[in-house]
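Architecture at a glance
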Amino acid sequence: MTKEMMDTRAVAKYLNINEKLVYKLLKEKKIPGTRVTGKWTFPRRLIDEWVIESAKGNIGVKNQPKELKDHIVIMGSNDFTVEFLSHELSKKCPQYSLSFFQRRKFSRTYALSRGSSHIAGCHLFDPDTGRYNLPYISDIFRGLEPRSSI
């Protein structure tokens, strides 16, 4: 099970960056972190949200998910079929573009529920029911109204 709180070393490893860059981002107030008992602490949930918001800003869609009529955002794990889909999409429908972001299992479905992603791959096992996906999906999307497609 993953820890909800990370230290500087753990967040550097999680983001695959140098620990010094984490301190630089903290100094510039660009990464969510707090000092607890003299040490920097990073809530994993806020780091995931920060990464997603940063990615949305890079494609010019921050706070405007409904305007993504010609751009598809997919969250998932590394999968060659997404690479194939992107290649085929650019060949057959050049007016569309696709971004793929690798995220941890729960982050993908939360991004989808918040409108930060159009597609999210998941394979979440619920040991209480012995079923995949449905127990988590129904909980994450509880109370949300279905939205129209892109």
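A tally of regular secondary structure across the protein gives six helices and eight strands. Excluding contacts between residues fewer than 6 apart, the proportion of contacts in the protein whose partners are at least 24 apart in sequence is 56%. Accessible area for the protein stands at about 10,700 Å²; split by element, carbon and sulfur atoms hold 54% of it.

Attention now moves to the packing of aromatic side chains. Applying the stated criterion across every chain yields a total of zero aromatic pairs. One cation-aromatic arrangement involves R44 over Y14; the distance from NZ or CZ to the ring centre is 4.6 Å.

Glancing now at the pattern of salt bridges. Going through the model one piece at a time under the given rule, you end up with six salt bridges. Between R9 and E19 there is a salt bridge, with its nearest N and O atoms 4.0 Å apart. Remark: E19 occurs in helix α2 (residues 19-27) and R9 occurs in helix α1 (residues 8-15); sequence separation between them is ten residues. Judged by its relative accessible area of 60%, R9 falls in the exposed class. Given the relative accessible area of 28%, E19 is considered partly exposed. A salt bridge links K91 to E88; the shortest N-O distance between them is 3.2 Å. Taken together, the positions of K91 and E88, both in helix α4 (residues 80-92) and three residues apart, correspond to about one turn of that helix. By relative accessible area, which is 15% here, E88 ends up buried. Here the salt bridges do not stand alone but share partners, grouping K24, E28 and K30 into one network.

Below, the discussion takes up the sheet that holds strand β4 (residues 71-76). The sheet built from three strands is open, its strands ordered β5-β4-β6 with parallel pairing. Taken across any chain shown, the strands that pair with only one partner, and hence form the sheet edges, are β5 (97-102) and β6 (119-120). Packed onto the sheet, α4 meets β4 and β5 and runs at close to 165° relative to β5.

Definitions and limits used
- Residues numbered from 1 in each chain as written.
- Predicted model: local features only at pLDDT ≥ 70, side-chain atom pairs only at ≥ 80, totals over all residues.
- Heavy atoms only, no water.
- Helix = DSSP H or I, 4+ residues; strand = E, 2+ residues; numbered from the N terminus.
- Contact = heavy atoms within 4.5 Å.
- Areas by Shrake-Rupley, 256 points an atom, 1.4 Å probe, with all protein chains shown as cover.
- Phe/Tyr/Trp six-rings, centres within 6.5 Å; stacked < 30°, edge-to-face > 60°.
- Lys NZ or Arg CZ within 6 Å of the ring centre and 35° of its normal.
- Salt bridge = Lys/Arg side-chain N within 4 Å of Asp/Glu carboxyl O.
- Buried < 20%, exposed > 50% of the residue type's maximum accessible area, 1.4 Å probe, protein only.
- Pairing = 2+ DSSP bridges.
- Axes fitted to C-alpha atoms, helices over the stretch in contact; angles between N-to-C directions.

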